[in-house]
Amino acid sequence: MTLHIEIDEAKCAGYGNCVADAPDVFDLDPDTNIAFVVAGHPQDRKDDDIEQAAADCPVRAILLTRA
Amino acid sequence: MTDRRRVLIVGASVAGVRVAQALRTRGFAGPIALVDADEQWPHDRPGVSKDALADAADDALHLLTPDDLERLDVSLHRGVAAIGLDTRGRTLGTTAGNFAYDDLVLATGSAPRRLPALEGRDNVHYLRTLRDAERLRAGLDAGGRVVVIGGGFIGGEVASAARRRGLPVDMLEGSDRLIARAVPPPVSDDLARRHRAHGVDLRLGALVADVDASPTRVRAVVLATGETVPGEHFVVGVGAGPDTGWLDGSGVATGNGIRCDGTLRVEGVDVDGVWAVGDAAEWLNPRYGVRHRVEHWTTAREQAAHVAASIAAGTAVPFAAVPYVWSDQHDVRLQHVGDPDLTDVGVEVERSDAGRVLYRYYREGAVVGATGFNAQVAIARVRRDLLAPI
């Protein structure tokens with residue numbers, strides 16, 4: 001089971017809670033203030049932080065799916 | 001077994017609901033009950049003074065759906081107020097009878113401080129719940145001059161919403177600068193300039209001394225200077241405090257809030273298995289070595305997740321928080337992060353061509369906090385660095 005992370009860019013407003021919860025997975029784009037998933041983020045990390053990040057998004061812009 | 005323990009959560013706002021969710025995420029399989037004094041469906045509060053004043057998309061503010069609740073296997077008791085606590089018998093007394101628990105989480109929040117002189121009038125507003133927002137929205141829809149008493153985050157957001165509708169706004173702040181407890185003077189000045197640029201008639205050092213009112217309506221407030229400020233709507237945002245009166249005699253220690261140790265365990269006489277989270281929790285934050293309450297959404301969630309993990313694991317470890325808050329006022333997102341005490345910091349300001357402004361706070365050469373106006377990226381980085389393990 002791998003975790004797929006999708007960011008709804010229309011909803012994201014750069015609150016940055018995801019960056020605080022999982023700094024090696026999420027960052028904000030300096031041009032747009034919108035969150036993105038860091039390329040090649042560690043695959044072996046625990047999913048807890050990512051789930052926490054999704055839960056802590058004030059506008060629920062982080063969608064997680066397992067495949 | 002830990003998992004057979006019954007968890008009872010008092011308060012179904014962001015902190016209480018998050019405890020329930022995080023318990024399940026952590027694999028806790030025991031019964032969870034959530035009681036809340038409010039009849040309204042559990043809802044999120046940041047939007048009450050933001051989106052809910054702009055339009056009626058109230059469903060979007062619900063913290064969870066009935067389906068979510070069923071999936072979480074949490075029993076929700078709405079309109080049930082806590083009225084007493086027997087910590088030895090591990091029983092919560094409520095308006096709907098007694099609830100037994102093994103772990104009790106107090107997430108009772110805070111209520112707006114009220115101004116007695118204005119009490120009971122139809123055109124006086126406080127802002128805490130969706131119902132408050134609906135009522136204020138209806139008032140703003142009718143038009144007329146808005147007098148905002150208190151220049152804090154709530155007052156600033158209400159003033160913005162009213163200006164966006166083109167209504168005239170007076171903002172009365174008792175202190176000589178805005179959000180003085182949170183930020184250094186240059187940031188207060190910056191925020192004040194922004195309000196004035198958006199047409200808010202801001203008065204600093206403006207203390208309400210008297211009121212000109214009929215039994216049903218306030219016509220004007222009278223300032224200590226003698227100046228009269230008339231209006232159609234009076235919105236009071238002068239801070240909030242937790243209601244801990246119902247805990248008197250329970251053995252639970254209360255002061256400015258519900259007193260907790262560094263792990264968010266409630267202190268007191270014969271108090272065991274009781275935790276507090278959110279606005280009401282006055283805990284010893286090991287990050288700063290101070291006992292304080294933090295009324296921020298993000299901190300409430302962090303505390304909730306922390307306590308849920310402690311209950312699920314049967315442990316208690318210190319909870320260190322770096323406070324973070326945002327506020328949407330006029331055309332800016334204001335964000336503030338870091339040390340709750342900025343009285344002795346150096347301030348550096350950085351302005352970008354795109355209109356982003358970042359104030360960084362230093363102590364002994366190290367960044368201890370920052371405030372940004374539309375500086376989301378910079379704030380996220382400061383926050384990340386402050387949170388990084390040393």
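Everything that follows concerns the structure shown earlier in this document.
Quick caveat, the model's predicted, so the values are computed rather than measured.

(A) Representation of the pairing of strand β4 (residues 82-86) of chain B. Residues and elements named next belong to chain B. Relative to strand β5 (residues 91-94), β4 runs antiparallel, the two being bridged by four bridges. In the strand pairing of β5, Ala82 is matched with Thr94. Between β4 and β5, which pair antiparallel and follow one another directly, the connecting turn spans four residues, one of which, Arg90, has a positive phi of 50°.

(B) Up close: helix α2 (residues 48-55) of chain A. Every buried residue of α2 of chain A is accounted for by Ile50, Gln52, Ala53 and Ala54 of chain A. In this fold, the buried residues of α2 of chain A make contact with β1 (3-7), α1 (17-21), β2 (26-28) and β4 (62-66) of chain A together with α1 (14-25) and α7 (297-313) of chain B.

(C) Spatial organisation of the sheet that holds strand β19 (residues 274-276) of chain B. All names here are of chain B. Within the open sheet, the five strands sit side by side as β3-β2-β1-β7-β19. Their pairing is parallel. Because the sheet does not close on itself, it has two edges, and the strands there are β3 (74-78) and β19. Going from strand to strand, the sheet's axes swing by 15° on average, the running direction of each strand aside. The sheet contact formed by strand β1 (residues 7-10) and strand β2 (residues 32-36) spans four bridges and is parallel. Bridge pairing in β2 places Val10 opposite Val35. Contacts from α1 reach β1, β2, β3 and β7 (103-106) within the one sheet, and its direction differs from that of β2 by about 170°.

(D) Quick look at the sheet that holds strand β20 (residues 281-285) of chain B. Residue and element names in this part refer to chain B. Across the sheet, which stays open at both edges, the three strands sit in the order β18-β20-β21 with mixed pairing between neighbours. Of all the strands in the sheet, just β18 (258-260) and β21 (290-292) have a single pairing partner and so form its edges. Strand after strand, the sheet turns through a mean of 20° between neighbouring axes, direction not considered. The sheet contact formed by β20 and β21 spans three bridges and is antiparallel. Counterpart to Asn285 in the pairing with β21 is Val290.

(E) A look at the interface of chain B and chain A. On the chain A side, the residues contacting the 23 residues of chain B number 22 residues. With both sides pooled, the region where chain B packs onto chain A buries about 1,800 Å², and carbon together with sulfur makes up 43% of that total. Summed over the shared surface of chain B and chain A, the number is three salt bridges. Of the charged contacts, one joins Arg381 of chain B and Asp27 of chain A as a salt bridge, the two residues approaching to 3.0 Å between their closest N and O atoms. At the junction of chain B and chain A, the tally comes to 13 residue pairs in polar contact (both at pLDDT 80 or more).

(F) Examining the packing of aromatic side chains more closely. Applying the stated rule across the entire model yields five aromatic pairs over all chains. A ring pair is formed by Tyr15 of chain A and Trp326 of chain B, whose centres lie 4.8 Å apart and whose planes are at 75°; its orientation type is edge-to-face. Taken together, the residues Tyr15 of chain A in the loop between β1 and α1 and Trp326 of chain B in strand β22 (residues 324-329) connect one chain to another. Between Trp297 of chain B and Trp326 of chain B, the aromatic rings sit 5.6 Å apart at their centres with planes inclined by 75°, giving edge-to-face as the arrangement. Taken together, the residues Trp297 of chain B in helix α7 and Trp326 of chain B in strand β22 connect sequence positions 29 residues apart.

Procedures and definitions
- Residues numbered from 1 in each chain as written.
- Chains lettered and ligands numbered in written order.
- Predicted model: local features only at pLDDT ≥ 70, side-chain atom pairs only at ≥ 80, totals over all residues.
- Heavy atoms only, no water.
- Pairing = 2+ DSSP bridges.
- Helix = DSSP H or I, 4+ residues; strand = E, 2+ residues; numbered from the N terminus.
- Buried < 20%, exposed > 50% of the residue type's maximum accessible area, 1.4 Å probe, protein only.
- Contact = heavy atoms within 4.5 Å.
- Axes fitted to C-alpha atoms, helices over the stretch in contact; angles between N-to-C directions.
- Buried area = accessible area lost by both parts, 1.4 Å probe.
- Salt bridge = Lys/Arg side-chain N within 4 Å of Asp/Glu carboxyl O.
- Polar contact = N/O pair within 3.5 Å; in protein donor to acceptor, adjacent residues only side chain to side chain.
- Phe/Tyr/Trp six-rings, centres within 6.5 Å; stacked < 30°, edge-to-face > 60°.

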